[in-house]
Amino acid sequence: MPRHVLVTGGATGIGRACAARFAKAGDQVWITGRRAEALEATAAELGAHAVVCDGSDPDQLARLREALPARIDVLVNNAGGNTDFDGEPGEGLHALAAAWRANLEANLLTAVLTTAAVRDRLADGGAVVSVGSIAADHGNGSYGPAKAALASWNVGLAGELGGAGVTANVVSPGYIADTEFFRDKLTDARRTTLIEATNTGRAGTPEDIAGTVAYLASPDARHVTGQVLAVNGGAHPSR
Ligand SMILES: NC(=O)c1ccc[n+]([C@@H]2O[C@H](COP(=O)([O-])OP(=O)(O)OC[C@H]3O[C@@H](n4cnc5c(N)ncnc54)[C@H](OP(=O)(O)O)[C@@H]3O)[C@@H](O)[C@H]2O)c1
């Protein structure tokens, strides 16, 4: 029986690689995002279902629910990004509050609300995998703290879902190339610094993350839950 997989932010970058990996394995895949054109193009290429949905909007999530099957085996909370890259920083407390709210909405609330929207459909033996960031360990304005909050939320979620036979984990990528994450904000010098920080001497790829997500959603990972799994080439070692 094919698994039913929902990947938020599945049109581009890491989400697209995750959707492609599950589709290639024979799973039925639903992808979401805010831009219909990008979403539909990816869905057509992968043989996935596209549902336009802003994961921070409760009304759009209610509509997403209607478009989804009664059973969800795997939820990948991938939607997000550093919203500071979407514009120039403003000045004053109002601008600061708006910038923090934007990153918390994009990276924490999308996962919290999407998971709540499909929670009663998560199947025994299923998995929730959320995409965090190395930024959670480094600070990084409001983006890092939002990803740190995602990891903290995951701890509670793993406890809540454990009895239903569902695991909950975070994959924490380092620098991943070939995504839209950095918009036009990544200089050559910064890219070189990020790669030099690794032990592998290269940027991560979306497929590196998709492989780890696939593992966490696999039968091999049934006793792995409540964890943060870093995929960063050693740029931030853990103990
Ligand atoms: N690339 C890196 O170096 C890196 C490193 C660490 C962590 N990450 C994390 O990896 C995840 C995927 O990012 P990426 O690198 O693949 O960049 P990306 O290509 O920009 O992908 C992000 C996707 O999320 C979607 N999205 C954003 N906000 C959304 C919302 N409110 N509702 C629904 N969809 C939304 C975007 O589509 P729409 O704009 O059409 O909605 C886009 O398809 C993010 O959580 C990011 O924080 C990336």
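## A closer look at the site of the ligand
Now for step 1: Residues in close proximity to the ligand total 30 residues, the closest being T12, I14, R34, R35 and Y143.
Now for step 2: In this structure, an oxygen atom belonging to the ligand sits 2.8 Å away from a side-chain N or O atom of K147.
Now for step 3: Take I176: an N or O atom from its main chain is 2.9 Å from an oxygen atom of the ligand.
Now for step 4: Here the ligand, which alone exposes 880 Å², has 96% of that area covered by the protein.
Now for step 5: Going through the elements one at a time, α1 (13-24), α4 (92-118) and α6 (143-162) are the ones with two or more residues in the shell around the ligand.
Now for step 6: In the shell around the ligand, the residues fall into 10 nonpolar, 14 polar and 6 charged.

## Things to note about the sheet that holds strand β7 (residues 228-231)
Now for step 1: The strand order across the open sheet built from 7 strands is β3-β2-β1-β4-β5-β6-β7, with neighbouring strands paired in parallel fashion. Sheet topology places β3 (49-52) and β7 at the edges, where each strand pairs with a single neighbour. Pairwise comparison of adjacent strand axes, ignoring direction, gives a mean angle of 20° for this sheet.
Now for step 2: Against the sheet, helix α2 (residues 36-46) engages β2 (28-33) and β3, with an angle of about 170° to β3.

## Some thoughts on the pairing of strand β1 (residues 4-7)
Now for step 1: Neither face of β1 is left uncovered, since the one carrying H4 and L6 and the one carrying V5 and V7 both have all their residues buried.
Now for step 2: Note that β1 and β2 share 4 bridges and pair parallel. Looking at β2, one finds that V5 is bridged to V29.
Now for step 3: For the crossover from β1 across α1 to β2, the handedness is right-handed.
Now for step 4: Two elements, β1 and strand β4 (residues 72-77), share 3 bridges in a ladder whose sense is parallel. Bridging across to β4, V5 finds its partner in V74.

Scoring rules and cut-offs
- Residues numbered from 1 in each chain as written.
- Predicted model: local features only at pLDDT ≥ 70, side-chain atom pairs only at ≥ 80, totals over all residues.
- Heavy atoms only, no water.
- Near = heavy atom within 4 Å.
- Polar contact = N/O pair within 3.5 Å; in protein donor to acceptor, adjacent residues only side chain to side chain.
- Areas by Shrake-Rupley, 256 points an atom, 1.4 Å probe, with all protein chains shown as cover.
- Helix = DSSP H or I, 4+ residues; strand = E, 2+ residues; numbered from the N terminus.
- Nonpolar A, V, L, I, M, F, W, Y, C, P; charged D, E, K, R; others polar.
- Pairing = 2+ DSSP bridges.
- Axes fitted to C-alpha atoms, helices over the stretch in contact; angles between N-to-C directions.
- Contact = heavy atoms within 4.5 Å.
- Buried < 20%, exposed > 50% of the residue type's maximum accessible area, 1.4 Å probe, protein only.
- Right-handed = clockwise from strand over helix to strand, strands pointing away.

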